Amino acid sequence: MSAAAAGPEVSAPVTTPCRSFHALVILPLLVVALGAVLVGAGVWGVVHSLERERAEIVQAKEADAANLARAFEESIRQTVRRLDQALIHLRAEYAAAPDAFLVRAKDWQRSLYADLAFQVGVIGPDGRLRFSNLGVVPSPIDLNDREHFAVHRRSGEDALFISRPILGRMSGKWSIQFTRRIVQPDGSFGGVMVLSVNPADLTSFYGPAELGRQGSVMLVGTANRAVLARASAIPSDAAGVGRTLVDRPYLDPAGPANTIHYLASEVDDVVRIVAARRLRDYPLLAIVGLGWEELMAPYEERRRDVLTATAAAGGAGMAAILLIAWLIRMQIAQHRRLVEAQRQIADSEERWRLALEAVGDGVWDWNAATGEVFFSRGWKSMLGYGEDELANRLEEWETRVHPEDWAAAQADVRRHLDGTTPVYANEHRVRCKDGAYKWILDRGIVVRRGPDGKALRMVGTHTDITRRRQSEEALRGKTVELERSNAELEAFAYVASHDLRQPLRTINSYLALLQKDLDGTLEEETAEYIRFARDGAQRMDRLIVDLLEYSRVGRKTRPFALCAAAGIFATVRDNLSEAIAEASATLSIAEELPVLWGDENELERLFQNLIGNAVKYRVAGRPPEIRVAAAAEAEGWRFTVQDNGIGIAPEHFERIFGIFQRLHGRSEYDGTGIGLAVCKKIVEHHKGRIWVDSEPERGSTFHVLLPLPKADAP
Ligand code: ADP
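Residues numbered from 1 in each chain as written. Predicted model: local features only at pLDDT ≥ 70, side-chain atom pairs only at ≥ 80, totals over all residues. Heavy atoms only, no water.

In the annotation of an unreviewed UniProt entry, the entry for the protein reads histidine kinase, and the organism field reads Azospirillum isscasi. Annotation of the protein in UniProt includes, under Catalytic activity (unreviewed entry), the sentence "ATP + protein L-histidine = ADP + protein N-phospho-L-histidine." (UniProt positions renumbered as here; feature names shortened; annotations may be inferred.)

The biggest cluster of nonpolar side chains holds 53 residues, and the ones touching the most others in it are Phe 101, Val 120, Phe 178, Met 193, Leu 195, Leu 284 and Val 288. Per element, the largest residue contribution to this core is 14 residues, and it comes from helix 1 (residues 17-96). Beyond its immediate stretch of four places on either side in the chain, Leu 284 contacts Ile 76, Val 80, Ile 162, Leu 219, Val 220, Gly 221, Thr 222, Leu 228, Arg 277, Arg 278 and Leu 279. One finds Phe 569, Ala 585, Leu 596 and Ile 648 within the second-largest nonpolar core, a separate group that totals 37 residues. (Core = buried A, V, L, I, M, F, W, Y, C linked by side-chain atoms within 4.5 Å. Buried < 20%, exposed > 50% of the residue type's maximum accessible area, 1.4 Å probe, protein only. Helix = DSSP H or I, 4+ residues; strand = E, 2+ residues; numbered from the N terminus. Contact = heavy atoms within 4.5 Å.)

What describes two packed helices is the angle between their axes and the distance between those same axes. Following both chains from N to C, one finds helix 10 (residues 466-517) and helix 11 (residues 524-552) inclined at 155°, their axes separated by 9 Å at the closest point. The angle between the axes of helix 10 and helix 11 places the two elements in the roughly antiparallel class. Note that helix 10 runs across helix 11; the crossing there is left-handed. The residue makeup of the contact of helix 10 with helix 11, split by class, is 12 nonpolar, six polar and six charged. (Axes fitted to C-alpha atoms, helices over the stretch in contact; angles between N-to-C directions. Parallel < 35°, antiparallel > 145°, perpendicular 65-115°, else oblique. Left-handed = near helix turned anticlockwise from the far one by under 90°. Nonpolar A, V, L, I, M, F, W, Y, C, P; charged D, E, K, R; others polar.)

Turning to the site of the ligand, a few remarks are in order. Around the ligand, 21 residues are found, and the nearest of them are Tyr 617, Arg 662, His 664, Thr 672 and Leu 676. A distance of 2.4 Å separates an oxygen atom of the ligand from a polar atom in the side chain of Arg 662. At 3.0 Å from an oxygen atom of the ligand is found a main-chain nitrogen or oxygen belonging to Gly 673. Contact with the protein chains covers 98% of the free accessible surface of the ligand, which is 520 Å². Those elements that place two or more of their residues in the shell around the ligand are helix 14 (600-616), helix 15 (675-685) and strand 23 (699-707). With three residues, helix 14 is the largest single contributor of residues to the shell around the ligand. (Near = heavy atom within 4 Å. Polar contact = N/O pair within 3.5 Å; in protein donor to acceptor, adjacent residues only side chain to side chain. Areas by Shrake-Rupley, 256 points an atom, 1.4 Å probe, with all protein chains shown as cover.)

Taken in spatial order, the five strands of this open sheet run 18-20-21-23-22, and their pairing is mixed. Whereas interior strands pair on both sides, the edge strands pair on one side only; in this sheet they are strand 18 (586-589) and strand 22 (689-695). Each adjacent strand pair in this sheet contributes to an overall mean axis angle of 15°, direction not counted. Here strand 22 runs beside strand 23; their pairing, made up of seven bridges, is antiparallel. Each residue of the ladder has a partner; that of Asp 693, found in strand 23, is Thr 701. Helix-sheet contacts for helix 15 involve strand 22 and strand 23, and the interaxial angle to strand 22 is about 140°. (Pairing = 2+ DSSP bridges.)

A few words on the sheet that holds strand 16 (residues 455-464). Pairing within the open sheet is antiparallel, and its five strands lie in the order 13-12-16-15-14. Sheet topology places strand 13 (373-375) and strand 14 (424-431) at the edges, where each strand pairs with a single neighbour. Each adjacent strand pair in this sheet contributes to an overall mean axis angle of 25°, direction not counted. Contacts from helix 9 (residues 403-417) reach strand 12 (362-367), strand 14, strand 15 (437-449) and strand 16 within the one sheet, and its direction differs from that of strand 14 by about 155°. This element, helix 10, spans strand 14, strand 15 and strand 16 of the sheet and lies at about 125° to strand 15.

Time to look at the UniProt feature "domain: PAC" (unreviewed entry) in the protein. Feature annotation in UniProt assigns "domain: PAC" (unreviewed entry) to the following positions: residues 424-477. Structurally, residues 424-477 comprises 22% helix and 57% strand, and the distance from its first C-alpha atom to its last is 29 Å.

What follows covers the pairing of strand 16. Counting buried residues in strand 16 gives eight out of 10 residues, a clear majority hidden from the surface. In this sheet, strand 16 lies alongside strand 12 in antiparallel orientation, the contact comprising six bridges. Within strand 16, the residue paired with Asp 365 across the bridge is Val 459. In terms of strand pairing, strand 15 meets strand 16 through nine bridges, oriented antiparallel. Paired with Asp 442 across the two strands is His 462, which belongs to strand 16. Here strand 15 folds back onto strand 16 in antiparallel fashion, the turn holding five residues, of which Gly 453 has a positive phi close to 85°.

Reports often express the size of an interface as the amount of accessible area lost when the parts come together. Domain parsing of the protein yields domain 1 (350-464), domain 2 (471-552) and domain 3 (561-707). Inter-centroid distance (C-alpha atoms) of domain 1 to domain 2 is 62 Å. (Domains from an automatic or database assignment.)

In an α-helix there are 3.6 residues to a turn, and that puts residues three or four apart on one side. Those residues of helix 12 (residues 565-575) not exposed but buried are Ala 565, Ile 568, Phe 569 and Val 572. Down the axis of helix 12, the sector holding all buried residues measures 90°, keeping them to one side. Turning to helix 12, the residues buried within the fold contact strand 17 (561-564), strand 18, strand 19 (595-598), helix 14, strand 20 (625-632) and strand 21 (636-642). (Arc of directions from axis to C-beta.)

On to the pairing of strand 2 (residues 129-132), then. Here three bridges tie strand 1 (residues 119-123) to strand 2, and the two strands are oriented antiparallel to one another. Opposite Ile 123, over in strand 2, you have Leu 129 as the bridge partner. The turn linking strand 1 back onto strand 2 is made up of five residues, and Gly 127 within it adopts a positive phi angle of 90°.

Laid out in structure tokens, this is it:
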């Protein structure tokens, strides 16, 4: 059953503007917010994992730098230890046999320590270079100003001294001087044993394979903060060697031995992860730096790609969410409109139902698709049932319709369903709860059809017409009865008057014979009696003739035909010519006269009676002037017969059309009082009307309205 058929008590859900606002705004906003949270969470997850990855990479790289530094420190420690051992050994050899040592040392390449240093030298206690394996000392080279000599001469301590890189006066090369004090057998200062080391040899431990393009290794003296050796691909291998470092955290003597830093180099400005290790036994720092940018480049590239992809995915996600939110909003708005439309329909349906119920009609609503039907309370109570006593099923109606009316009702329904009739309407009897039948006027109309034209829904009303039907029935009965008795009366009157004329004629003819035979022999009084008798008999005959004519109207009639009014009036004038001449009357008849539909004889009789009366009821001494006219009106042709006679008082306007109704004695105006009754009967036989307008002494106008000829008349 359709929603509308659910009955007036079912109302559609009411949507308040507030709720509508909530659904329309809050829901899409929620979706957007939820979507934004999800997208945000996704982006955060990606960023977070990138951060974690970065931290892991950094940690791994720090570990790499630390490991490289440890290995570098170890290698330096061993090299320096070997250099120191070499110095001690060479010094001992020198002390034992200086000349032999000098001879041997000349062939330095074959020495045990040739791989450690490129030069071995001896500085005399006077500060002059005594020996170098690099060749004969050309002229005295004074080295008193050199730190690596001065330090030994100054302190009596026997310790390894490592110089900052200096340009060798003998070698002409940058070199680090590893030196130890030579002691004379008497314990006095005997000069300095020198091993000159190419700084690059100290840092050749690692190549670009281990350090990368931006990596560097560096050996720094902790005492003098000098860069003893340094290697890096950028900008050039030995850049910075000999430089004194200023602001390096790893130089802090109070700090831990092994540290990790992120520093921009003082030499080349490259930012590096720097792992610094302070050597345990020597005033040296072994430092390995790994280029930060270079290390992080793959990660940064990946990060860029991931972030770009994430931004794109997030953007697309957000766009999709906005689209979904928009679609949801549209959906909700659409739904709202639908609900509102349904509510309005339900409202209006409820209104017409209530209105119909209020006027006492029952309402029904039939859903062809489901076969369900809604019957309103009105119909049920019409039949004497309570609201819940009849189900909303078609059978409730079908089984109660009177068997004699059933077929006609079905036929009417079908005719409307197949579109033959614009409305379904049928009057039938329906059985009430008490077993009696009520007449119901059932009306309905299909309100919805399918694309194939099939009826889907039909609504209608039930009206109780029992009273009307009963009075109609009673009226019909009375009419039939009246018609019957009327016909009987007319037949009787006709037969009686017809049969009465015969004896009357006999009386009349014998009275005439008597009068003739006894003429001159009778006393005047007797002769008058006979005249009265004859007069009465003749009057009676006229009465009978008029009565016969009256009863004949509409009974012995010919089929209606077209007849020209002009012809009718010509005949009438002809028939009345004597009376007209006698009364010196003028009869003027309109020239334009219509064609009528009817019985020509009856119409002649009608107008002859009217014009005859107009001649008859004249004022003495005033010649009658009679005018006949015809005018077209909505209902038909209106004929008027106007005279200047004695006129009629208004209170007699109705009465004069009754049979035997006369306003004058026979002595004044002769007549039977049947003429106008015949006129009325003829006019009614032609479905017209007759009435009179008059003013006493001034004349009368008789009006006759006759319907137009039928359109299909021949
Ligand atoms: P009657 O045979 O008396 O003429 P009608 O039925 O023709 O019978 O008329 C009934 C009465 O109506 C008449 O008696 C007369 O008083 C009145 N009447 C009829 N026609 C006219 C007329 N043209 N002018 C005045 N009175 C009339």
